Structure formats: structure tokens, C-alpha cells
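# Results of the structural survey
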Amino acid sequence: MITYLGITARDLEALLARGVDDAGAPIEGFQDAEGGWPLRCCLSDSVPGDAIAIVGHSPFPWVSPYRETGPIVVHTKNCPGPSEGFPHQFEARAQVVKAFGRDAGRTRTQVYDLNALVEPGQGLEHRIGLILQDPRVEEVHVHNLVSQCFNFKAFDTFAGE
């Protein structure tokens, strides 16, 4: 079974409680007037009236030269949490998938030959599943093509994270 995860509820709660994001910037929430922001807390799109913020976040629980911190959009109140299964709204957006594994057991690294651009309608969910079948891969990170914002990571639940 594949798990899809943006930011964990625990990490989001800690981030909001600190009032400062992973990049050191103060968190400034706002009320969404139009909707449509891709939220990384519940992996859904925002709706008008949602309390949200753009925060710097690192989805990497490990230290590595590949570790990044970048902007994500999250609920600041009343997040319903992620639903089970693949977040299908990302299929309609061009995405970059990055495969991560271990380099000879020493450190996390990208499995470059599996990284790919997936255009809308080209089967993002299917591509992620294929990449996770490679024994070199521990997890796949999915980023927006244009802004390169982290959207979510995917990993085989039975293989562990």
C-alpha cells in the first residue's frame, strides 16, 4: 500500500505553535478569498474562507546534501487531515517526481535515472507506483513543475519510512 503525505499533523502543529517556519520566517496566516491553493496538510485544494498560510517547510526527516526547504500552503485552523489514497487533483498539474534512496547505505540521495516530468493526464499515480517498485527507492517526492514547490511524498507503507 502506498502512503501519500504532505506535512504531518504533528509537524504542522509544531510549526504553527512556534510561529516561525522551517526557513526562519514568521508565519503570517490569511483568509483565502478565492480557493484553489494546493494544501500540503490535507492534500486537497483550499476553498474560499479557509484560514491558510504560505510557510517554508522541509519534507526531509534526514540530513543530506539534497535536503531542501521551500514554500508550501497549509491550513492554519480546522484542517481535516489527509484522506486515504492518492490526491487526484495533482494529476491535473504538471509535476516533477524525484526518487530518493540510500547511496551505498551512507546517505540519502536521488535515484536520478528515475526522476521524471509527468504532464497532466500522463498518469502521475501510476508513475509513482512504478518508481516505488525499484528496490533502490525509499520514497518519491512530487513537486510542482513551475514553482518547484513540494507537493507530497509517497512511500510504500509496508516497507516503512
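You'll find the structure just up there.
This section reports on the structure supplied with the text. Computed from a predicted structure; not experimentally measured.

### Focus: the pattern of salt bridges
According to the stated counting rule, one finds five salt bridges in the structure shown. Between R18 and D22 there is a salt bridge; the shortest N-O distance is 3.0 Å. The exposure class assigned to R18 is partly exposed, which follows from its relative accessible area of 48%. Its relative accessible area of 35% is what places D22 among the partly exposed residues. Put simply, K98 and E68 hold a salt bridge, and the shortest N to O gap is 3.3 Å. Residue K98 is found in strand 5 (residues 95-103), and its partner E68 is found in the loop between strand 3 (51-57) and strand 4 (70-75); the two are separated by 30 residues along the sequence. For E68, a relative accessible area of 31% translates into the label partly exposed.

### So, the environment of V63
In this structure, V63 sits in the loop between strand 3 and strand 4. Residue classification places V63 among the exposed residues on the basis of a relative accessible area of 74%. In sequence terms V63 and Y112 are 49 residues apart; their C-alpha atoms lie 19 Å from each other.

### A closer look at the sheet that holds strand 2 (residues 30-31)
An order of 2-3-4 is seen for the three strands of this open sheet, with the pairing classed as antiparallel. Because the sheet does not close on itself, it has two edges, and the strands there are strand 2 and strand 4. Bridge analysis of strand 3 against strand 4 gives six bridges, and the strand direction is antiparallel. Counted as the bridge partner of V55 is I72 from strand 4.

### Side note on the packing of aromatic side chains
Going through the model one piece at a time under the given rule, you end up with six aromatic pairs. Measuring from centroid to centroid gives 6.0 Å for F30 and W37, while their planes differ by 65°, and the two rings are edge-to-face. A relative accessible area of 33% means that F30 is categorised as partly exposed. Exposure remark for W37: the relative accessible area of 32% places this residue in the partly exposed category. Residues F60 and F100 carry aromatic rings whose centres are separated by 5.4 Å and whose planes lie at 80° to one another, so their mutual orientation is edge-to-face. In this pair, F60 is assigned in the loop between strand 3 and strand 4 and F100 in strand 5, connecting sequence segments 40 residues apart. With respect to burial, F60 and F100 carry one shared label: buried. An aromatic cluster is present here, built from Y4, F86, F90 and F152 joined pairwise through their rings. Seen from the ring of F90, R93 lies directly overhead, with NZ or CZ sitting 5.5 Å from the centre.

### Let's talk about the environment of I54
Locating I54 in the fold gives a position in strand 3. Relative accessible area serves as the criterion here: at 42%, I54 is assigned to the partly exposed category. In the structure, I54 is positioned 28 residues away from P82 in sequence and 18 Å away in space, judged by C-alpha atoms. Filtering out sequence-adjacent residues up to four positions away, I54 remains in contact with F30, W37, P71, I72 and V73.

### Topic: the pairing of strand 3
Most of strand 3 is tucked away: five of the seven residues are buried. Bridging between strand 2 and strand 3 involves two bridges; their strand directions are antiparallel. Within strand 3, the residue paired with Q31 across the bridge is A51.

### Focus on helix 2 (residues 124-132)
By the burial criterion, the buried members of helix 2 are L124, I128, G129, I131 and L132. Viewed end-on, helix 2 has its buried residues packed into an arc of 165°, placing them on one side of the element.

Calculation criteria
Residues numbered from 1 in each chain as written. Predicted model: local features only at pLDDT ≥ 70, side-chain atom pairs only at ≥ 80, totals over all residues. Heavy atoms only, no water. Salt bridge = Lys/Arg side-chain N within 4 Å of Asp/Glu carboxyl O. Buried < 20%, exposed > 50% of the residue type's maximum accessible area, 1.4 Å probe, protein only. Helix = DSSP H or I, 4+ residues; strand = E, 2+ residues; numbered from the N terminus. Pairing = 2+ DSSP bridges. Phe/Tyr/Trp six-rings, centres within 6.5 Å; stacked < 30°, edge-to-face > 60°. Lys NZ or Arg CZ within 6 Å of the ring centre and 35° of its normal. Contact = heavy atoms within 4.5 Å. Arc of directions from axis to C-beta.

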